Amino acid sequence: FTPVGKVLLALALVVGVTGVSVFGYYWYKYARLIDRKLAHGPFSTPSKIFAAPEAVYVGQPIKPAEIVSRLLGAGYSESTTNRNGWYRLRPDAVEIFPGPDSYFAAEPAVLKFAGDKLARIVSLRDNAEQGLYELEPELMTNLFDKSREKRRLVRFEEIPKVLVSAIISIEDKRFFDHPGFDPLRMIKAAYIDLRELRRDQGASTLSQQLARSFFLTLDKSFKRKAAEFLITLQLEGRLSKEQIFEFYCNEIYLGRRGSFDIHGIGEGAQAYFQKDFRELT
């Protein structure tokens, strides 16, 4: 090596060691940040406000479709994996199965109809006849802390496939295939920005958006982008794609209603469509 070569080699080693040290420091720093965030769940426990439970009784003038409507309003569906509860509609009856997240430990029952009246209520636990049955109360809203956020937590397996497809189509078409970053999308966004001489094109994946909204500010500094890169890598390494998508669907900001911020598709479905998110088409 010439003297100049030795100096360049020494500089390269110093830069390399410094770079690795800085990377290691921030990698460990953000790893601890993520651990704390995920330790007890990424979302604080909300206060739940329910409507009063509604009882139906033998002889009541009511149709099966009305029972189904009230069950849907309380978060039930026809899926047996629904943790709130599920139902099965028959020509002359409705079978009701409260889930593990039911408001109360109600027993499963079948409500049988004759004409436009509720004719019989039979427990599916012991086949005993009952005169009265309490339906699941409707969750009116979730209230959080002084941040004034409203959110209804959803699970990935409960999200309608059409809604998953819609979000992926709009936000991140290759979400389930890329490792957290989408080079093709970044190149396309850079090309459009250069062509239009603007900086309007977004190239962030769902994973990057989640990293930003969970842990970072919204400023567009280089420091924030570097932090976003490290956090995205860690999230992709620690969580499945389904978990990342679920967290995104519970975190996404969807506007305001009165003095409250609406976060997540669960609260958004109620605020904008007056529907349970499982009913969205």
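Refer to the preceding data block for the structure.
The residue numbering used here restarts from 1 in each chain and proceeds along that chain's sequence as written. Residue-level local features of this predicted model are given only where pLDDT is at least 70; pairs of side-chain atoms are given and counted only at 80 or more, and the full residue set underlies all totals for whole chains, interfaces and linings. Think of the side-chain values as coming from all heavy atoms in the structure, minus any hydrogens and water.

Visitor: What am I meant to see in the sheet that holds strand β10 (residues 149-150) here?
Guide: Whenever strands of a sheet pair, they do so through backbone hydrogen bonds, lying parallel or antiparallel. Paired strands, as defined in this entry, are two strands with at least two bridges between them according to DSSP. Runs of E in the DSSP output that reach at least two residues are strands. Runs of H or I that reach at least four are helices, and both are numbered from the N terminus. In space, the 3 strands of this open sheet follow the order β10-β12-β11, with mixed pairing throughout. Since the sheet does not close on itself, it has two edges, and those belong to β10 and β11 (253-257), each with one partner. Pairing between β10 and strand β12 (residues 260-263): 2 bridges, direction parallel. If you follow Lys 150 over to β12, its bridge partner there is Ile 262. Strands in contact with helix α8 (residues 264-273) are β10, β11 and β12; relative to β11, the strand with the most contacts, it is inclined by about 40 degrees. Residue contacts are counted whenever heavy atoms from the two residues lie within 4.5 Å of one another. Axis definition: a line fitted to C-alpha atoms, over the contacting stretch in the case of helices. Angles run 0 to 180 degrees between N-to-C directions.

Visitor: Would you explain the packing of aromatic side chains in this entry?
Guide: For any two aromatic rings, the description comes down to two numbers: the centre-to-centre distance and the angle of the planes. Paired rings are identified among Phe, Tyr and Trp, the last through its six-membered ring, by centres lying within 6.5 Å, and are further divided according to the angle between planes into stacked (under 30 degrees), edge-to-face (over 60) and tilted (the rest). Within the structure shown, the criterion is met by 6 aromatic pairs. Among the aromatic residues, those joined into a ring-pair cluster are Phe 156, Phe 175, Phe 176 and Phe 245. Here, over-ring charges are defined by two tests on the NZ atom of lysine or the CZ atom of arginine: distance to the ring centre within 6 Å, and angle to the ring normal within 35 degrees. If you follow Lys 241 out to its NZ or CZ, it ends over the ring of Phe 175, 4.5 Å from the centre.

Visitor: What am I meant to see in the nonpolar core here?
Guide: Nonpolar side chains in soluble globular proteins generally cluster together in the buried interior. Formed by 29 residues in total, the largest nonpolar core has its most connected members in Ile 159, Ile 167, Ile 231, Leu 235, Phe 245, Cys 249 and Ile 265. Looking at this core, the elements that each hand over two or more residues are α1 (3-39), α3 (161-171), α5 (206-215), α6 (222-238), α7 (241-251) and α8. Residues contacting Leu 235, with those up to four places away along its chain left out, are Ile 34, Ser 207, Leu 210, Ala 211, Phe 215 and Ile 244. Working definition of a nonpolar core: buried Ala, Val, Leu, Ile, Met, Phe, Trp, Tyr and Cys residues. They are joined through side-chain atoms within 4.5 Å. When accessible area is computed with a 1.4 Å probe and restricted to protein chains, residues below 20% of their type maximum are described as buried, those above 50% as exposed, and intermediate ones as partly exposed.

Visitor: Please clarify how the packing of α5 against α7 should be interpreted in this entry.
Guide: Helix-helix packing: each pair is described by the crossing angle between the helix axes and the interaxial distance. One can describe the packing of α5 onto α7 by two numbers: an axis separation of 10 Å at closest approach and a directional angle of 50 degrees. Between α5 and α7, the interaxial angle falls into the category oblique. The handedness of the crossing between α5 and α7 comes out as left-handed. Taking contact as the criterion, the partners of Leu 206, Ser 207, Gln 209, Leu 210, Ser 213 and Phe 214 in α5 are, on α7, Lys 241, Ile 244, Phe 245, Phe 247, Tyr 248 and Glu 251. Throughout, the term roughly parallel applies to angles under 35 degrees, roughly antiparallel to angles over 145, roughly perpendicular to angles from 65 to 115, and oblique to all others. Left-handed describes a crossing whose near helix is turned anticlockwise from the far helix through less than a right angle; right-handed describes the clockwise counterpart.

Visitor: I'm lost on unusual backbone geometry in this one. Help?
Guide: In terms of backbone geometry, most residues other than glycine have negative phi values and most peptide bonds are trans. A positive phi is found at Asn 127, a non-glycine position, where the angle reads about 65 degrees. Residue position: Asn 127 is located in the loop between β6 (117-123) and β7 (129-130).

Visitor: How do you make sense of the environment of Asp 126 when you look at a structure like this?
Guide: Examined against the element boundaries, Asp 126 turns out to sit in the loop between β6 and β7. For Asp 126, a relative accessible area of 53% corresponds to the exposed category. Any pair of nitrogen or oxygen atoms within 3.5 Å is treated as a polar contact; in protein, a donor-acceptor pairing is required on top of that, and neighbouring residues in sequence qualify only through side-chain atoms on both sides. Engagement of the side chain of Asp 126 in a polar contact is seen with the side chain of Ser 123, the distance being 3.2 Å. In terms of polar contacts, Asp 126 uses its side chain to reach the backbone amide nitrogen of Ala 128, at 3.0 Å.

Visitor: In this structure, what is going on with the pattern of salt bridges? I would like to understand it.
Guide: For side chains bearing opposite charge, pairing can occur when the charged atoms are close. Every case where a carboxyl oxygen of Asp or Glu lies within 4 Å of a side-chain nitrogen of Lys or Arg is listed as a salt bridge. Enumeration according to the criterion identifies 15 salt bridges in this entry. For Arg 70, the salt bridge identified is with Glu 54, shortest N-O distance 2.4 Å. On the criterion of sequence distance, the pair formed by Arg 70 in helix α2 (residues 64-73) and Glu 54 in strand β2 (residues 54-57) is long-range, its members being 16 residues apart. We classify Glu 54 as partly exposed; its relative accessible area is 35%. In this structure, Glu 251 and Arg 151 form a salt bridge, with 3.2 Å as the shortest nitrogen-oxygen distance. One end of the pair, Glu 251, is in helix α7; the other, Arg 151, is in the loop between β10 and α3, and 100 residues separate them in sequence.

Visitor: What exactly am I supposed to notice about the side chain of Arg 278 here?
Guide: By the secondary structure assignment, Arg 278 is in the segment after α8. Separated by 2.9 Å, the side chain of Arg 278 and the backbone oxygen of Gly 75 make a polar contact. Side chain to side chain, Arg 278 and Glu 158 meet in a polar contact 3.3 Å long. Setting aside anything within four residues of it in sequence, one finds Arg 278 in contact with Gly 75, Ser 77, Asn 82, Asn 84, Glu 158 and Pro 160.

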